[in-house]
Amino acid sequence: MSDFELLDPGAPFGGAQPADGTDPLLDGLNPEQRRAVVARGPALLIVAGAGSGKTRVLTHRIAHLIREKEAWPSQILAITFTNKAAAEMRERLGALLGSGVEGMWVSTFHSACVRILRREAERFGYVSGFTIYDSADSRALLKRIIKELDADTYGFTPANSSAKISKLKNELTDAKDYASTANVSDPRERIFAEIFTMYEQELKRANAFDFDDLIGQTVQLFRAHPDVAAIYQRRFRHILVDEYQDTNHAQYSLIRELTKNVEPAEVSRLVPPVRERELDGLGRIPGASLTVVGDSDQSIYAFRGADIRNIVEFDRDFGGAEVVKLEQNYRSTQNILSAANAVIGNNFDRQDKKLWTSEGDGEKIVGFTGYSQHDEARFVAEEIEDLHRDGMAYGDIAVFYRTNSQTRALEELLIRSAIPYRVLGGTKFYDRAEIKDAMAYLTTIANPFDPIAWSRMLGTPKRGVGPMAEAHLANFQEAEGVTFHEAMQRAQEIPALGPKIRTTVVDLADMLSRATQMALGGGATDVLPPAEPSADEAGDPESADAAASQKRPAPVADVLKLVLDSTEMIEKLRAKRDPQDDARAENLEELVAVAREFDAQQPGAGLLAFLTEVSLVAAADDLDDQSGTVSLMTLHTAKGLEYPAVFITGVEEGLIPHQMSIDELGGINEERRLMYVGITRARERLYITLASTRATFGDIAVAMPSRFLQEIPEALIEWRQSPGEVTGRGGTASRALNASRAPGAGGSSQASWSRNRDSQVSFGAGGGSSAAVSEPASGNMQSALDKWRERKRLAKETQAAGGGFPNTIVGSIRDNGDLELALGDRIRHDEYGEGRVNAVTGAGSKRVAHVTFDTVGERKLLVKLAPIEKLGE
């Protein structure tokens, strides 16, 4: 069926309803969920609290529309924010509808807009093979523009220019609009207007869009060409938007355009002709029914342009809107939900609701205040080990923080405790240099007008074509008005290039030509394209089939393999015999595997579709469910995830709420929503921790408990060590978490401290009952910072040698290389003395020895790094 073919709805979903009166789409839903599924009207707002089953409601609503013959699948557009969420929705719809999901658009905002722009690009001066610039491409272009304009002397950088351009584009402001309102007497505004103008001109010249253009250009297309807008307004009769609280102005405008009436002037031009039943009494096609799902309490992306007013004022924007609140939570215990309700209840820019569960109160929230971030981190590590010892998998535990700088102590203590972990939000697969190098080849094959991809491709791997030779080629390309590939093929016409460089460039151009031939469906790359068929052959069905298959695009993996083999990118990395270069080679091999998976999932889709899919991968899509590792992440990254046990660390004034938010309009409210998001990620156990002093970039400051912590009712928190207990000691007690104390001192029970002293987790080189990472009560913080810097230096050296965890490694280490330990072996530790190995777990550089020492009992040691030696029998 054509994407634009309008048919009558077919047979009801799943046939007739069961004779026993049950309804597979409504049974099992609570009353409010059921109401959200069956509600009809021009607009519906589903206020979905955290863990309230919103995805189930959305998918059942879509299935209900189809079963009740109110919509054909191709008339439904379901939009979410990440490819991961879209894939989950498609999977659930497939389980409900089977083949009935075919023809339905279930995608992200950007993916939907790319589909529209690919179809309509020629209407506004582009070709369908346009390139999509990611943030690195955009910054590379801006770097060149800033250099040409000497704009760096005014403080402009690729980073701040990119951020400002992105913000303007999300507000649907282009360079011309900005220049018309800029204060020309202000040199910075005048220079920025030039940067913005040149940036848009260069994108246009390269037949490219940046990521922010995709939605804005679609909105402008609809506004400039009402006949094009009418096609999509007619097609999509039901539009459903998830996470509506995260929409920015451009996304909001796109929804407004898609839900407009099709006026009579455009109705007469539509193909196929409009049927009578599609029209209202005024001869228009009424606007699509709009359903949005979201939660104003989880709007935490104002820094990306998200406008909370879009959801708070929804019923004003869309007259006659019905509002349904989903307040029953299926994720967390009541104590966790009560804390979340108490915190968010102090915000006023929200739709009022109270989350509740029928699953019981559950465990109390655990609170802890450390003397320093090291004390806090040590508590976190010890509690994680206790949870794991009680049967909880490491993969079921997450640690949240407000800023990335807070991970320093956490990583150090987790490593010393031999607890496996990963930091979410690091370098993503497609952001790695070697992957971007390979992708540059594929991009320039698909779009030979793209200077960014071409420039990167030309310089990797190094082949003697320096900046000057690249400039000569680029100038020739511009002067002759040809593609970059054609300019390379005609390198002999450029006298400024030396003979060796000309030969190198022509050879590279030949390889690109062969790869392009494959990507376009030109057949094998080692022969000339097939000649046009003769008249006799043209009438032969077998010859026609052969010709059709000859034009089928080659698998993307084959095109990529040709590039990698011809350039020897993998072989050259392997030849360096460096562990990091080996890892880069493995990344390139993984990229080939990614391409093969794409070819298997979308046979014949071709290179352009692959590049589009890669370009649209959102940051959160890289999050996966790697079992066996504790997840560390910022509170922003935690959005949309859930874990049985959650630690929210650094709950202090200046961190959460962040210092930068205090003077911003609505900043405190957004920080409170961020705290609410963190709390509601926890399913069974929630820990809230803070420190009384915190070191940041060498500065030591007294930390105050967050106002959000004080908003949680005292009865919900069980304090292992409260803020009052820490400050009440007057700074005279040891900062070691497990320091011995007299019974009853400071209001803390001896049992609590005894538990810490008897911990079975080793935190490093310290012996006895003192903490390995201790800080004196006064001064000497600079030495801790110096030690930390030294640890980081050693960590980099160890990683360069191919060892260690992928994050931070402790400073007092010994690289034990290939030391083999087995059950029963006797070892000596520099601090703990002699002991016997009980077990060895893990593999490679992550092997962990479980040892019972004669003096301090059981400890866990990271074999590669621990200061140990094996004793003879």
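Reading guide: rules and limits
- One numbering rule holds for all chains: residues counted from 1, following each sequence as written.
- This being a predicted model, a pLDDT of at least 70 is required before a residue's local features are given, and a value of 80 or more before pairs of side-chain atoms are given or counted; all residues contribute to the totals for chains, interfaces and linings.
- Excluded from the side-chain calculation are hydrogens and water; included are all heavy atoms of the structure.
- For two strands to pair, DSSP has to find at least two bridges joining them.
- In this text, helices come from DSSP runs of H or I with a minimum length of four residues, and strands from runs of E with a minimum of two, each type numbered from the N-terminal end.
- Helix axes are fitted only over the stretch in contact, all axes being lines through C-alpha atoms; the angle between N-to-C directions runs from 0 to 180 degrees.
- Note on contacts: a residue pair is in contact if any heavy atoms of the two residues lie within 4.5 Å.
- Pairing of aromatic rings covers Phe, Tyr and the six-membered ring of Trp, with a centre-to-centre limit of 6.5 Å; geometry is then stacked below 30 degrees between planes, edge-to-face above 60, and tilted otherwise.
- Per-residue accessibility, obtained with a 1.4 Å probe over protein chains only, is compared with the maximum for each type, and a residue is labelled buried under 20%, exposed over 50%, and partly exposed between these values.
- Geometrically, a charge over a ring is one whose NZ (Lys) or CZ (Arg) sits within 6 Å of the ring centre while staying within 35 degrees of the ring normal.
- Definition used for salt bridges: Asp or Glu carboxyl oxygen within 4 Å of a side-chain nitrogen of Lys or Arg.
- Polar contacts, as used here, are pairs of N or O atoms within 3.5 Å; protein pairs need one atom able to donate a hydrogen and one able to accept it. Residues neighboring in sequence count only if both atoms are side-chain atoms.
- In what follows, roughly perpendicular refers to angles from 65 to 115 degrees, roughly parallel to angles under 35, roughly antiparallel to angles over 145, and oblique to any angle outside these ranges.
- Within a predicted model, pLDDT stands for the predictor's per-residue confidence, ranging from 0 to 100.
- Multiplying 1.5 Å by the residue count of a helix minus one yields the expected span of that helix.
- In the scheme used here, Gly and all other residues not listed as nonpolar or charged are polar, with Ala, Val, Leu, Ile, Met, Phe, Trp, Tyr, Cys and Pro taken as nonpolar and Asp, Glu, Lys and Arg as charged.

1. Some points on the sheet that holds strand S1 (residues 43–48)
- With parallel pairing, 6 strands are arranged side by side in an open sheet as S3-S2-S6-S7-S1-S8. Two strands lie at the open edges of the sheet, namely strand S3 (105–108) and strand S8 (322–326), each paired on one side alone. Strand-to-strand, the axes of this sheet are offset by a mean angle of 15 degrees, without reference to chain direction.
- Inspection of the sheet shows strand S2 (residues 76–80) paired to strand S6 (residues 238–241) by 4 bridges, in the parallel sense. Note that in S6 the partner of isoleucine 76 across the bridge is histidine 238.
- Contacting S2 and S3, helix H3 (residues 83–97) crosses the sheet at an angle of about 160 degrees to S3.
- Packed on one face of the sheet, helix H4 (residues 109–120) meets S2, S3 and S6 and runs near 110 degrees to S3.

2. Topic: the packing of aromatic side chains
- Summed over the entire model, instances satisfying the criterion amount to 14 aromatic pairs.
- An angle of 25 degrees between the planes, with centres 6.2 Å apart, marks the rings of phenylalanine 156 and phenylalanine 192 as stacked. Of this pair, phenylalanine 156 sits in the loop between helix H5 (135–149) and helix H6 (158–170) while phenylalanine 192 sits in helix H8 (residues 187–205); the two residues are 36 residues apart in sequence, bridging distant segments of the chain.
- Phenylalanine 192 gets classed as buried once you look at its relative accessible area, which sits at 1%.
- A connected cluster of aromatic rings, assembled from ring pairs, spans Phe156, Tyr178, Phe192 and Phe196.
- For arginine 118, the ring lying beneath its charged end belongs to phenylalanine 130, and the centroid distance is 4.1 Å.
- Here the guanidinium or amino end of arginine 188 rests over the ring plane of phenylalanine 156, the centre of that ring lying 4.5 Å away.

3. Topic: the pattern of salt bridges
- Under the counting rule described, the total for this entry stands at 49 salt bridges.
- Notably, a salt bridge pairs glutamate 70 with arginine 40, separated by 2.7 Å at the nearest N-O pair. Taken together, the residues glutamate 70 in the loop between helix H2 (54–67) and S2 and arginine 40 in the loop between helix H1 (31–38) and S1 connect sequence positions 30 residues apart.
- Residue class for glutamate 70 comes out partly exposed when judged on its relative accessible area of 36%.
- Glutamate 202 is paired through a salt bridge with arginine 205; the nearest N and O atoms lie 2.3 Å apart. Of the two residues, glutamate 202 and arginine 205 are both situated in helix H8; the distance of 3 residues between them amounts to about one turn of the helix.
- With relative accessibility at 16%, the residue glutamate 202 sits in the buried group.
- Connected through salt bridges with shared partners, the residues Lys54, Asp242, Glu243, Asp246 and Lys639 form a single ionic network.

4. With respect to the side chain of threonine 247
- Here threonine 247 shows up in the loop between S6 and helix H11 (249–258).
- Reaching out from threonine 247, the side chain makes a polar contact with the backbone oxygen of tyrosine 244 at a distance of 2.8 Å.
- Apart from residues lying up to four places away in sequence, threonine 247 is in contact with Phe81, Phe109, Gly305, Ala306, Asp307 and Asn310.

5. Examining the packing of helix H9 (residues 213–224) against helix H10 (residues 226–235)
- One can describe the packing of H9 onto H10 by two numbers: an axis separation of 5 Å at closest approach and a directional angle of 110 degrees. Between H9 and H10, the interaxial angle falls into the category roughly perpendicular. Contacts from Leu221, Phe222, Arg223 and Ala224 of H9 reach H10 at Pro226, Val228, Ala229 and Tyr232.

6. Remarks on the confidence of the model for the chain
- Per-residue pLDDT for the chain has a mean of 79; in total, 79% of the residues score no lower than 70.
- Note that residues 730–796 has pLDDT below 50 and, in this model, 118 contacts with residues that lie over four places away or in other chains.

7. Focus: H9
- Between its first and last C-alpha, H9 extends 15 Å over 12 residues, near the 16 Å set by a 1.5 Å rise per residue.
- By the burial criterion, the buried members of H9 are Asp213, Leu214, Ile215, Gly216, Thr218, Val219, Leu221 and Phe222.

8. A look at the sheet that holds strand S13 (residues 643–648)
- The strand order across the open sheet built from 7 strands is S11-S12-S10-S13-S14-S9-S17, with neighbouring strands paired in parallel fashion. Of all strands in the sheet, those bounded by a partner on one side alone are strand S11 (421–423) and strand S17 (717–721). Shown here is a sheet whose adjacent strand axes are inclined to one another by a mean of 20 degrees, direction ignored.
- Running at roughly 55 degrees to strand S14 (residues 682–691), helix H15 (residues 334–344) makes contact with strand S9 (365–370) and S14 of the sheet.

9. Side note on the pairing of strand S10 (residues 397–401)
- Burial of S10 is extensive: 5 of the 5 residues sit out of reach of the surface.
- Along S10, one buried face is formed by Ile397, Val399 and Tyr401 and the opposite face, lined by Ala398 and Phe400, is buried too.
- Taken together, the 4 bridges between S10 and strand S12 (residues 630–634) define a ladder with parallel strand orientation. By the bridge assignment for S12, alanine 398 is matched with serine 631.

10. Quick notes on the packing of helix H18 (residues 433–446) against helix H22 (residues 499–519)
- The N-to-C vectors of H18 and H22 enclose an angle of 70 degrees; their axes lie 9 Å apart at closest approach. As the angle between them shows, H18 and H22 are arranged roughly perpendicular. Side by side, H18 and H22 meet where Tyr441, Thr444 and Ile445 of the first sit next to Leu508, Met511, Leu512, Ala515, Thr516 and Ala519 of the second.
- Here the contact of H18 with H22 is built from residues that sort into 7 nonpolar, 2 polar and no charged.

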